[in-house]
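Breakdown of the fold
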Amino acid sequence: MYTRLLSIILLSVCHTAVVVLGEVCNETCEEEFARCVHVMNCEHCLTELQESDSRLMERGDCTVGCDLTTTMYDACPEENNPISPVSSPTPPNSPVLPTAPVSNPVSDVEDRPTEPTLCNESNMGDCDCGTGNIQTYVFWPGEYQRCIHTYIPTSHNGDSPLPVLVEVGAYGQGKLSQFAPSVAAAEYYGFALIGLGSTGPSDGAGGFGLQFPAGGVVNGNNPTPCSADDSRDHSYIEGAFNFIAEREEMSESRVYLQGFSQNSMYAAYISVCFADRVVGLWQGGSGLAKTYHTPITPGFQGQCSTSSYSAHGSNCCEEEFCEECAYWPVYPRTCEHTLVDCIASYTDDGIACGTDWYMYEAMVAEGNDARLLSFTPTSENGGHSDPMNTYAWVVGCLGIVESCSDACEAVFGECVADSQGTGSTITSFEACEADIADGILMECEIGCAPTMEMLKLSESPVVTLSEGKFGTQTDLEAHVGSAPRPECDAPFGSFDDPSVNHNKCQPDGGVGPGPEVTGSCGSSPVTEPVSSPITAPVTAPITTPVTAPVSAPNNGGSPCEESCEIEFPMCVGATNCDNCLEELSKEGSILVQEGGCTVGCSPTPAMNNLCEDDVTGTPDPSMSPVTNPPVATPVAPVTAPASAPTGEPPICRKWCAKSTWDWDMKCNWVNCDCPECL
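Residues numbered from 1 in each chain as written. Predicted model: local features only at pLDDT ≥ 70, side-chain atom pairs only at ≥ 80, totals over all residues. Heavy atoms only, no water.

1. Comments concerning the overall build of the protein chain
A tally of helices and strands in the protein chain yields 21 helices and 12 strands. The burial tally for the protein chain puts 58% of its 678 residues in the buried class. Residue pairs at least 24 apart in sequence account for 71% of intrachain contacts in the protein chain once pairs closer than 6 positions are excluded. A total of about 26,000 Å² of accessible surface is found on the protein chain, and carbon and sulfur atoms cover 50% of it. (Helix = DSSP H or I, 4+ residues; strand = E, 2+ residues; numbered from the N terminus. Buried < 20%, exposed > 50% of the residue type's maximum accessible area, 1.4 Å probe, protein only. Contact = heavy atoms within 4.5 Å. Areas by Shrake-Rupley, 256 points an atom, 1.4 Å probe, with all protein chains shown as cover.)

As structure tokens, then:
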């Protein structure tokens, strides 16, 4: 459905923006180019655009050498973007494609507004100005520049303010793209979209740029470190909320937060600390980390302070375990300002499964409306990822817009049942929601939020509702007492539990967590910072990208984390060793983000051995990618063959899902040509 909506958006944004030099790339090429960039990089995809027999030509129906549209240019991540918005030489005196201004080094910027100001050439600094319907605002809320990227649906007539979804994307500046599923969802469901992120310093775990509060030390004496002194980015977040309040097209009383993994942890920090300005949040692939408990986050947050992890890396538990810590990122004590929290994880997510349960329990204990969604992995999705049809779940669970009617729910179920023979439940759900968008299911109001029963036709998680509410539905079964524990692949709990594997974090005997929260709201301090000072994290060393084709040099940093070691063969299977070794040295790379790798970490022996077998870019099927240390979560080694196995479609689909990253983007770029894959 979103592909269809994106085409409409692009037509409305770009039809007056492009001046033809030669032949401008068509819409199909434009869409496929974005997928190519997501998997590879701009330089690779530009090369494919010049080759008549390339995969981009085949999939995108591109004309060899066609001129890039502005949207194609925008699809290039800034760190991999070597081009101007025209891919071929421009004849003298010829018109050129309109472009956003090229960012200037912050040190050269004299115009430094302290309030959000529309981005232009003189003030943009490290922010990328938006194009089309995406507008960017820049300001200096403190020492560092920050950006606010916005999208307002083209259908908005200004009659009433729109609900607002704030997306946290702090591995970069939070930039929005015309191709992003979030933009398509905003257009269809009718909400304003805001992207928040960081222009640096990227000194958090994995290159994360927004600063978590209190140096990572959160406990019962200081459960909610929410003062301006607790985080350098407190004033940025406050400025963003003030910006929303001043915009006529945005409703300051209907603001929601959304993020995935570490981004959703930051969304939780924002939501708790600004609970009087937030309705609810979506936590995908995260929850609440507890000290002296598994699962252990890739950056060891909750087990180690920020300064300890910066100094010792994955050895911080042994070197300087945080005996003052109890929770991370904050404990959800919101008092009278209750929140809705939709908490979603797969049971085979070794990073998040268990933290979701901790957060549900804490949210309910503090009187919040918690909605726990525990997904079972399928042949199409699982692991550390959001559910498929992500934004249908986000909008549906939070109730950003009105839920679909009972009559709509009934005909939607019939639609999915009728289409079961043509695809999976996931694709059937998407097709039937497209029928709603096209007005075919006349009982449904276009843009209504899918109900819980409608969403279960896509994937069917175990759902626990603390107050019997889902979206704007209020008459569902409310769960009483503790939630059912998710059936995580790896048992989770206290380090003292003999069934719990905490080999990644083995503090000295006799230590334990700091004081936990007791009493009721108002009985413990909620704003005073912890007594220990917040020290600036030490940025992990960044080295020159690796170029050796067989083995990686020692980068001089600490050994790569276990989660990084697990993710590394997935990267190699989808691309090759050269690319993946280079990604270890790049802030914001997919490997760094998905694997929780410290930028510049030294490849472990298992990673180096994998690459010694990867002379042609294909891992040795007999090689087990994880050998040392033991893995807390049982993970089957990913040893991607050069092409997908033959057999029934589900086998091919499962191989693609497990042997690459994002299924919908990567499938067709690693020789996985099964019929239902296309």
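Don't stop here, the text continues.
2. Digging into the pattern of salt bridges
In total, this model carries nine salt bridges according to the counting rule given. The salt bridge involving Glu453 is made with Lys456; its shortest N-O contact spans 4.0 Å. The shortest N-O distance in the salt bridge between Glu467 and Lys469 comes to 3.5 Å. Looking at Lys469, the relative accessible area reads 30%, which means it is partly exposed. (Salt bridge = Lys/Arg side-chain N within 4 Å of Asp/Glu carboxyl O.)

3. Describing helix α13 (residues 406-418)
Its 13 residues place the ends of α13 19 Å apart at the C-alpha level, agreeing with the 18 Å of an ideal helix rising 1.5 Å per residue. All of the buried residues in α13 are Cys408, Val411, Phe412, Cys415 and Val416. Axial view of α13: buried residues confined to an arc of 145°, hence all on one face. Summarising the geometry of α13, the exposed residues directed more than 90 degrees from the buried face are Asp406 and Asp418. Lining the buried residues of α13 we find α14 (425-437) and α15 (452-455). (Expected span 1.5 Å × (residues − 1). Arc of directions from axis to C-beta.)

4. Overview of the packing of helix α6 (residues 181-189) against helix α12 (residues 390-398)
Angle between the axes and distance between the axes: these two values describe a pair of packed helices. Contact geometry for α6 and α12: axes closest at 10 Å, N-to-C directions at 50°. Taken together, the axes of α6 and α12 lie oblique to each other. Classified by chirality, the crossing of α12 by α6 is right-handed. Of α12, the residues touching α6 (which contributes Pro181, Ser182, Ala185 and Tyr189) are Tyr391, Ala392 and Val395. Taken together, the residues of the contact of α6 with α12 break down into six nonpolar, one polar and no charged. (Axes fitted to C-alpha atoms, helices over the stretch in contact; angles between N-to-C directions. Parallel < 35°, antiparallel > 145°, perpendicular 65-115°, else oblique. Left-handed = near helix turned anticlockwise from the far one by under 90°. Nonpolar A, V, L, I, M, F, W, Y, C, P; charged D, E, K, R; others polar.)

5. Section: the state of the cysteines
Here the structure, examined in full by the defined rule, presents 16 disulfides. Paired by a disulfide, Cys317 and Cys505 hold their sulfur atoms 1.9 Å apart. With the S-S bond torsion at -95°, the cross-link from Cys317 to Cys505 turns out left-handed. Remark: Cys505 occurs in the loop between β12 (462-465) and α16 (562-574) and Cys317 occurs in helix α10 (residues 316-320); sequence separation between them is 188 residues. Note on accessibility: Cys317 and Cys505 belong to one class, buried. The disulfide bridge from Cys415 ends at Cys432, spanning 2.1 Å between sulfur atoms. Across the disulfide from Cys415 to Cys432, rotation about the S-S bond amounts to roughly -95°, and the bridge is consequently left-handed. One end of the pair, Cys415, is in helix α13; the other, Cys432, is in helix α14, with 17 residues separating them in the sequence. Assigned by exposure class, Cys415 and Cys432 land together as buried. (Disulfide = S-S within 2.5 Å.)

6. Here's the deal with the environment of Glu187
As for its placement among the helices and strands, Glu187 is situated in helix α6. Here Glu187 falls in the buried class, since its relative accessible area comes to 14%. Sequence-wise, Glu187 and Thr154 are 33 residues apart; in three dimensions their C-alpha atoms are separated by 6.9 Å.

7. Side note on unusual backbone geometry
A cis amide bond links Thr294 with the next residue in sequence, Pro295, at an omega value of 0°. Looking along the chain, the bond that leaves Trp328 and enters Pro329 is cis, with omega of 5°. Phi at Tyr292 takes a positive value of approximately 65°, unusual for a residue other than glycine. One can find Tyr292 in the loop between β8 (289-290) and α9 (306-312).

8. A closer look at the packing of α13 against α14
Where α13 meets α14, the closest approach of the two axes is 9 Å, and the angle between their N-to-C directions is 130°. In terms of axis orientation, α13 runs oblique to α14. The two elements α13 and α14 cross, and the hand of that crossing is right-handed. Of α14, the residues touching α13 (which contributes Cys408, Phe412, Cys415 and Val416) are Ser428, Phe429, Cys432, Glu433, Asp435 and Ile436.

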